[in-house]
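Spelled out from the first residue to the last, the chains are:
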Amino acid sequence: MFTKILIANRGEIAVRIIKTCRRMGIATVVVYSEADADSMAVEMADESVFIGGSPAAESYLVADKIVAACRATGAQAVHPGFGFLSENAGFAKRLADEGLVFIGPNPKAIEAMGDKIESKKFAAKAGVSTVPGHVGEIDDVAHALKIAGEIGYPVMIKASAGGGGKGIRVAWNEKDVEEGFPAVRAEAKASFGDDRIFIEKFIESPRHIEIQVLGDKHGNVVHLFERECSIQRRNQKVIEEAPSPLLDEATRAAMGAQAVALAQAVNYDSAGTVEFVAGQDKSFFFLEMNTRLQVEHPVTELITGVDLVEQMIRVAYGEKLAFQQSDLAINGWAIESRIYAEDPYRGFLPSIGRLVRYSPPHEGDAGAAKVRNDAGVREGDEISMFYDPMISKLSTWGPDRKGAIAAMGRALEDFHIEGLGQNIPFLAAVMDQERFVSGKLSTNYIKDEFPDGFRGVEPTAAQRDLMAATACAMHRRLTARSAPQLVRDEWVVVAGEDHRKVRVANGGDHVSLTFEDGRTVQLTEINWRPGLPLFKAKLDGRPFTASVRPAAEGFQIRHRAALAHVLVLTPRSAELHQKLPPKKAADTSKMILSPMPGLVVSLDVEPGQTVQAGQAVAVVEAMKMQNIIRAEREGVVKTVGPKAGDSVAADEVLVEFA
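The following refers to the structure shown.

Conventions we followed
Residues numbered from 1 in each chain as written. Predicted model: local features only at pLDDT ≥ 70, side-chain atom pairs only at ≥ 80, totals over all residues. Heavy atoms only, no water. Pairing = 2+ DSSP bridges. Helix = DSSP H or I, 4+ residues; strand = E, 2+ residues; numbered from the N terminus. Core = buried A, V, L, I, M, F, W, Y, C linked by side-chain atoms within 4.5 Å. Buried < 20%, exposed > 50% of the residue type's maximum accessible area, 1.4 Å probe, protein only. Contact = heavy atoms within 4.5 Å. Salt bridge = Lys/Arg side-chain N within 4 Å of Asp/Glu carboxyl O.

A closer look at the sheet that holds strand S34 (residues 598–603)
Part 1 of the reasoning: Ordered in space as S37-S36-S34-S39, the four strands form an open sheet in which the pairing is antiparallel. Where the open sheet ends on each side, the last strands, each with one partner, are strand S37 (625–630) and strand S39 (647–648).
Part 2 of the reasoning: For S34 and S39, the ladder comprises two bridges, and the chain directions are antiparallel. Looking across to S39, one finds that leucine 599 is bridged to serine 647.

See below:
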């Protein structure tokens, strides 16, 4: 077995690989960029090597530096993780030429399947059903418009070397192609160093289902069943699960057999994923093959008990698979939620910054369920604008789908992050939705369920009780500490338009709340003290966790996706509070603000120019994604703030109208 492996990656996947190597007794080396000098992966690895500047093109994408790091440390093999050089056949060949082992598939398999254009040609020759489209490179915008017209809108513009949701746009008309084609090409060049583009038909209301395959160098290939990744936003997977609630045993077997056949046809010899687009009628078409470890591999590991990273290492060393297809079975259900540094209340725009607080849920057994959190960050770390905005991957396992969803909901309650925007409230909202629980999924799910964006959800009746009880318990504890003479039993709880008289009885870690309608709720096993951002307790015997912080005259309390400003007032204060005039928001109607921090790629208007509603005025790049900023109204430009190449903060004025 290898004695030392170099990890040519960063973040959570580097940490994930280190953990398996430790268990196998293999020493690890990580390479790191300037932005990752103090990272968790660098801290955990046995050795680390600096390889350049923060942009990936200066570090993680430079094969010469990876090879030099292997030479300097004596590493015998390289695990590429995902992204960066993981699907680069030239890199795999280079390692072989240097006498180093690539922990991944052979270069010929990468060439055949890793290139999105070539994979479709190969699949068509092999008789695999594929999505209608143009299997070939696109020269320019005019060529793209011609092909899109021939296929019929909507179409998907995709980078040939794409992956991870980057380098993809859906075009519904010619204007979308004119704007989307250059954006995809730029993203492809920046992220993958390859700006080749292809176009295929976009199938509406599809489901995204993928089969995990694993092969060795002796001709053996198995599949480890499916994952459903239909909950996507901007073609980026957000929630994944295994198995799929759509498939029956016959369809599962058919998809698995097709995936294995495709892998065998290219002599596939590592972990890989065959992706399918599936109809609600269980029809399916080959989409592409990812010749690497997938981000969402934990859910497969949770239902099969197979460590995919370990298998990749063993296969690369030349070992045969220690199991056959008949040895594999699905055990329970697993769900993964990707925790992103993005603000769901601002259109899910990237939110870079420091993790002022980072407190993930406890990993391991949680009753009948299990919790797993794959992360490469610690409290105090910074989420950089140079890389993917994912903070961690939270996974839960349950004996069935209902149990896995319930475990995920509770784990998200216990996950606390401060310092930047994050999507935990949105993920919690999905877990509570009846449609998600029913398994009626599609890749349009987020667009269908949140057509106007995410604004949180209104508290349910149970959550209103929970928030009222939490606020009263906090208020009583704070008052008893600072002004015990003001402790009283009769209060009015105010949350928006909701005013409720309550009677509070305190018993240490137990609070009884009686509402004016005569109902009583019991808050027990309270775990909170002033200053803590999480309030943990049981409400009528049911455990919960709420995020809390002081706010004007009360507290801001969030339970899952429901957020409220809750005040605990005396009856007289409550009466006066109702007479206060509402605060007016600042007028920004004559401004175009940057919705995110990032780098201005272009600012395409100038003072005196008339701008139409919907017109693109700027392009701001953040987290390797180019975001087109449009005018929401017609107007004449008065001033222009930054220029191309400048960094901007969220809400910084880009353009002001006269």
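Re the nonpolar core
Part 1 of the reasoning: Ile5, Leu6, Val31, Ile66, Val78, Phe91 and Ile313 are the most contacted members of the largest nonpolar core, which totals 65 residues.
Part 2 of the reasoning: It is helix H1 (residues 11–24) that provides the largest number of residues to this core, a total of seven residues.
Part 3 of the reasoning: In contact with valine 78, not counting residues within four places along its chain, are Leu6, Ala8, Ile66, Cys70, Phe91, Leu95, Val101, Phe102 and Ile103.
Part 4 of the reasoning: Grouped together as the second largest cluster of nonpolar side chains are 38 residues, Trp333, Leu412, Ala429 and Ile446 included.

A word on the pattern of salt bridges
Part 1 of the reasoning: For the structure on display, the rule yields 55 salt bridges.
Part 2 of the reasoning: A salt bridge links glutamate 12 to lysine 393; the shortest N-O distance between them is 3.2 Å. Taken together, the residues span a long stretch of sequence, with glutamate 12 in helix H1 and lysine 393 in strand S23 (residues 390–398) at a distance of 381 residues.
Part 3 of the reasoning: Judged by relative accessible area, which is 7%, glutamate 12 ranks as buried.
Part 4 of the reasoning: Judged by relative accessible area, lysine 393 falls into the buried class, the value being 0%.
Part 5 of the reasoning: Linking glutamate 296 and arginine 338 is a salt bridge whose minimum nitrogen-to-oxygen distance equals 2.9 Å. Taken together, the positions of glutamate 296 in the loop between strand S14 (284–290) and helix H10 (297–304) and arginine 338 in strand S15 (residues 333–340) put the pair 42 residues apart, joining distant regions of the chain.

Topic: H10
Part 1 of the reasoning: The buried count for H10 comes to seven of eight residues, which makes it a mostly enclosed element.
Part 2 of the reasoning: Within H10, burial applies to His297, Pro298, Val299, Thr300, Glu301, Ile303 and Thr304.
Part 3 of the reasoning: Positive backbone phi, at 75 degrees, marks glycine 305, one or two positions downstream of H10.

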